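# Survey of secondary and tertiary structure
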Amino acid sequence: MALTTIAVSKLSTAVDRTSIPRAIKVLRDEAETRLATVEAQVSGADFKESVLAATAAALPAYTRAGNVLTADAPGAFPSLDGVAVGAGKRFLHQHGSGSLAAHADNGIYTLTDAGGAGAWSATRASDMDASAEVTAGLMVPVEQGTLYEGHHRQLKTVGAITLNTTALAFAEPESIED
């Protein structure tokens, strides 16, 4: 007789046969209640495609023209939170430098040119390059990094958002209660 068969056999004789279906129903009901709670907390949430990394500090000096950031000086794109971001990879720029106007540059970008001998450049990602796609509470998962690996970042800006004008503030989302 296999070990699992023996264990199940002993369990079934030790527990009243009617109590197992009741226990399963209780567990199923509890799981459905928890799922409904989570769904209520995230309903209507705007989940974006993940980014490789997120900024842990301000980017080196750059100029924004439309939806494109271009470094003010030649050089390679910096590591973000300990992660080397290559051309074609998505990242979250969440640390506009200095003024609130710089925070209007925050958002999800794709590195279009990693720089080096020339200046690096990044373009707003296609799922966040128009005002209608930038919604309060949007969530973006971060794949790698010392601080943000495995975390989500949430847009905390409220009210009407005009891309490249409204300051965008990202932070850790509120935790979902057990």
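Residues numbered from 1 in each chain as written. Predicted model: local features only at pLDDT ≥ 70, side-chain atom pairs only at ≥ 80, totals over all residues. Heavy atoms only, no water.

### Points about the overall build of the chain
Scanning the chain for helices and strands turns up 3 helices and 9 strands. Going from the N terminus to the C terminus, the chain shows its helices and strands as α-α-β-β-β-β-α-β-β-β-β-β. (Helix = DSSP H or I, 4+ residues; strand = E, 2+ residues; numbered from the N terminus.)

### Points about the nonpolar core
Counting residues in hydrophobic clusters, the biggest one holds 16 residues, and the most contacted among them are L92, I108, M128, V134, L155, L168 and F170. Apart from the residues within four sequence positions on either side, V134 is in contact with M128, L155, I161, L163 and L168. If you look at the next biggest cluster of nonpolar residues, it comprises 15 residues, including A53, Y62, L69 and A71. (Core = buried A, V, L, I, M, F, W, Y, C linked by side-chain atoms within 4.5 Å. Buried < 20%, exposed > 50% of the residue type's maximum accessible area, 1.4 Å probe, protein only. Contact = heavy atoms within 4.5 Å.)

### So, the sheet that holds strand β7 (residues 139-141)
Taken together, the 3 strands give an open sheet; going across it, the order is β7-β8-β9, and neighbouring strands pair in antiparallel fashion. In the strand order of this sheet, the two ends are held by β7 and β9 (170-171), each with one partner. (Pairing = 2+ DSSP bridges.)

### Quick word on the confidence of the model for the chain
Per-residue pLDDT for the chain averages 84, and the proportion of residues at 70 or more is 76%. For residues 1-10, every residue scores under 50 in pLDDT, and the model assigns this stretch 1 contact once sequence neighbours within four places are set aside. (pLDDT = per-residue confidence, 0-100.)

### Description of the sheet that holds strand β2 (residues 62-65)
Spatially, 6 strands are ordered β1-β4-β5-β6-β3-β2 in an open sheet, and the strand pairing comes out mixed. Where the open sheet ends on each side, the last strands, each with one partner, are β1 (53-54) and β2.

### Thoughts on the side chain of H93
If you trace the backbone, H93 turns up in strand β4 (residues 90-93). Among the polar contacts made by the side chain of H93, one reaches the side chain of Y62 at a distance of 3.1 Å. If we skip the residues at most four places from it in the chain, H93 touches T55, L59, Y62, L69, D105, N106, G107 and Y109. (Polar contact = N/O pair within 3.5 Å; in protein donor to acceptor, adjacent residues only side chain to side chain.)

### Examining the packing of aromatic side chains
This model, assessed by the stated rule, comprises 4 aromatic pairs. Residues Y62 and W120 carry aromatic rings whose centres are separated by 6.4 Å and whose planes lie at 55 degrees to one another, so their mutual orientation is tilted. Taken together, the residues span a long stretch of sequence, with Y62 in strand β2 and W120 in the loop between β5 (107-113) and β6 (121-124) at a distance of 58 residues. The exposure classification of Y62 matches that of W120, with both residues buried. By the ring-pair criterion, three or more aromatic residues cluster together here, those being Y62, F77, F91, Y109 and W120. (Phe/Tyr/Trp six-rings, centres within 6.5 Å; stacked < 30°, edge-to-face > 60°.)

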